[in-house]
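In case you want the letters, here they are:
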Amino acid sequence: MNVRFLEAFVWVAKLGSFKAAAEKMHTTQAGISSRIATLEEQFGVRLFDREHRGVLLTYHGTELLPYAERMLELQARMVAAMGQTDAFSGMLRIGVIETVAHTWLPDLFSRFAEKYPNATLELVSDITPRLRDDLLRGTLDCAILSEEITPGFIDNRRIANLAMRWATSPSLALKFPSRSLLSFADIAEQPIISFNRESSVYRNIAQNAGGCANLRVSYFSSLGAMIDLARTGFGTALLPLAVIQQDLRQGKLVVLDVDPVPIALPLVASMRLEPASPLAEALITMAQAACEQFIATCRDDVLAP
């Protein structure tokens with residue numbers, strides 16, 4: 001039995017479309033249809049119900065899916081056991097939060113491409129809640145996000161805790177009280193730039209917002225936009241210190257000393273256990289090393305205690 005035919009079957013099952021599976025496997029829709037037809041002929045059963053809105057697994061298709069996934073996993077592990085990393089191929093779908101995309105992700109991908117030259121990567125950069133949902137749905141193989149995912153078929157590995165600090169433009173900083181240590185109430189006198197309402201960063205802000213009658217919070221899903229707005233004096237942003245090192249050195253942003261100190265931002269690498277992906281495991285292991293090297297190049301206070 002041709003493993004590529006099983007791979008086509010798994011992709012159609014996951015994506016619900018022959019066309020989408022063809023795009024994933026860099027082939028034609030007719031080629032995918034031919035592979036599925038061959039499998040159906042070999043097994044003597046229908047694997048999919050073709051409908052005008054897509055395709056659905058039949059009873060037999062549902063029964064076959066976990067076996068097909070395990071065979072693909074076994075093939076990948078067999079290749080790895082033989083030390084043939086050049087033979088690793090296929091698409092690895094990874095999601096990351098923007099904090100990672102703006103810091104050590106290029107180094108991670110360079111390491112991965114060097115060791116696994118025949119594998120390809122599909123990247124999604126988004127907020128943690130959406131990445132979590134994509135991973136649970138199976139449209140991602142692994143993700144690097146800011147919270148652990150609780151279902152038992154997900155493996156979570158803590159990579160780092162990044163220090164978070166209140167940052168703003170030098171001009172807006174002059175509007176705060178002159179004392180060295182500010183309170184959250186002081187910060188709340190000026191507009192606040194925050195990640196979206198579903199983020200752990202916003203929850204950090206909300207926990208301290210009680211009694212702040214003039215609180216004005218603007219929400220963004222783009223880390224780059226938040227940094228740009230903070231530079232212009234639009235407001236004060238709670239940002240990962242690792243991301244704004246260059247802005248601090250160039251004087252485009254300043255860090256404010258605020259009590260209480262913001263909670264650190266965890267970086268968590270999560271991957272699906274069913275089906276397991278040796279490529280995802282390899283990338284997550286490299287992610288740990290890439291993150292540690294990045295932190296080592298930054299100031300000592302980038303890594304929160």
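Residues numbered from 1 in each chain as written. Predicted model: local features only at pLDDT ≥ 70, side-chain atom pairs only at ≥ 80, totals over all residues. Heavy atoms only, no water.

Caption draft 1: Local environment of the packing of helix α6 (residues 105-115) against helix α13 (residues 278-297). Following both chains from N to C, one finds α6 and α13 inclined at 135°, their axes separated by 9 Å at the closest point. As summarised for this structure, α6 and α13 are arranged oblique, according to the angle between their axes. Seen along the crossing, α6 lies across α13 with a hand that is right-handed. Taking contact as the criterion, the partners of D107, L108, F109, R111, F112 and K115 in α6 are, on α13, L279, L283, M286, A287, A289, A290 and Q293. Looking at the contact of α6 with α13 residue by residue, the classes come out as nine nonpolar, one polar and three charged. (Axes fitted to C-alpha atoms, helices over the stretch in contact; angles between N-to-C directions. Helix = DSSP H or I, 4+ residues; strand = E, 2+ residues; numbered from the N terminus. Parallel < 35°, antiparallel > 145°, perpendicular 65-115°, else oblique. Left-handed = near helix turned anticlockwise from the far one by under 90°. Contact = heavy atoms within 4.5 Å. Nonpolar A, V, L, I, M, F, W, Y, C, P; charged D, E, K, R; others polar.)

Caption draft 2: Region of the structure containing the nonpolar core. W104, L108, I144, I159 and W166 are the most contacted members of the largest nonpolar core, which has 75 residues in total. Examining the composition of this core, we find that 11 residues originate from one element, α13, more than from any other. Core analysis: the next-biggest nonpolar cluster, separate from the first, contains 21 residues, F5, F18, F48 and A68 among them. (Core = buried A, V, L, I, M, F, W, Y, C linked by side-chain atoms within 4.5 Å. Buried < 20%, exposed > 50% of the residue type's maximum accessible area, 1.4 Å probe, protein only.)

Caption draft 3: Region of the structure containing the state of the cysteines. Applying the stated rule across the entire model yields zero disulfides. For C142, which is in no disulfide, the shortest distance to another cysteine sulfur is to C291 and amounts to 15 Å. (Disulfide = S-S within 2.5 Å.)

Caption draft 4: Fine view of the environment of L253. Within the secondary structure, L253 is located in the loop between α12 (245-249) and β12 (254-256). L253 gets classed as buried once you look at its relative accessible area, which sits at 1%. L253 sits 81 residues away from L172 along the chain, and the two C-alpha atoms are 9.8 Å apart. Beyond its immediate chain neighbours, meaning those up to four positions away, L253 contacts T168, S169, P170, I227, A230, R231, I244, D247 and L248.

Caption draft 5: How the structure looks around the sheet that holds strand β3 (residues 90-96). Ordered by their spatial adjacency, five strands build an open sheet running β4-β3-β5-β14-β6, and the pairing between neighbours is mixed. Edge positions in the sheet fall to β4 (119-125) and β6 (154-162), since each of these pairs with one other strand and no more. In this sheet, adjacent strand axes meet at a mean angle of 20° when their direction is disregarded. Pairing of strand β5 (residues 142-145) with strand β14 (residues 265-272) involves four bridges; the strand directions are antiparallel. Residue pairing for β14: C142 is matched across the bridge by M271. The sheet strands contacting α6 are β3, β4 and β5, and the helix crosses β4 at an angle near 165°. (Pairing = 2+ DSSP bridges.)

Caption draft 6: Representation of the side chain of T236 in the model. Residue position: T236 is located in strand β11 (residues 236-240). In this structure T236 touches W166, A167, T168, L172, F176, I187, P191, I192, I193 and L256, once residues within four positions along its chain are discounted.

Caption draft 7: Here's a closer look at the packing of aromatic side chains. Counted by the stated rule, this structure contains five aromatic pairs. For the ring pair Y202 and Y219, a centre distance of 5.2 Å and an interplane angle of 75° mean the geometry is edge-to-face. Taken together, the positions of Y202 in helix α10 (residues 200-206) and Y219 in strand β10 (residues 217-220) put the pair 17 residues apart, joining distant regions of the chain. Residue classification places Y202 among the buried positions, given a relative accessible area of 18%. A relative accessible area of 29% places Y219 in the partly exposed class. Above the ring of Y67, the side-chain terminus of R70 is found at 5.8 Å from the ring centroid. (Phe/Tyr/Trp six-rings, centres within 6.5 Å; stacked < 30°, edge-to-face > 60°. Lys NZ or Arg CZ within 6 Å of the ring centre and 35° of its normal.)

Caption draft 8: Quick peek at the pairing of β11. Here β11 lies mainly inside the structure; five of its five residues are buried. Neither face of β11 is left uncovered, since the one carrying T236, L238 and P240 and the one carrying A237 and L239 both have all their residues buried. When strand β7 (residues 164-168) meets β11, the two strands line up antiparallel, connected through four bridges. The residue of β11 that forms the bridge with R165 is L239. Bridge count between strand β9 (residues 192-195) and β11: two bridges; the pairing is parallel. In the sheet register, I193 faces β11, and the bridge partner there is A237.

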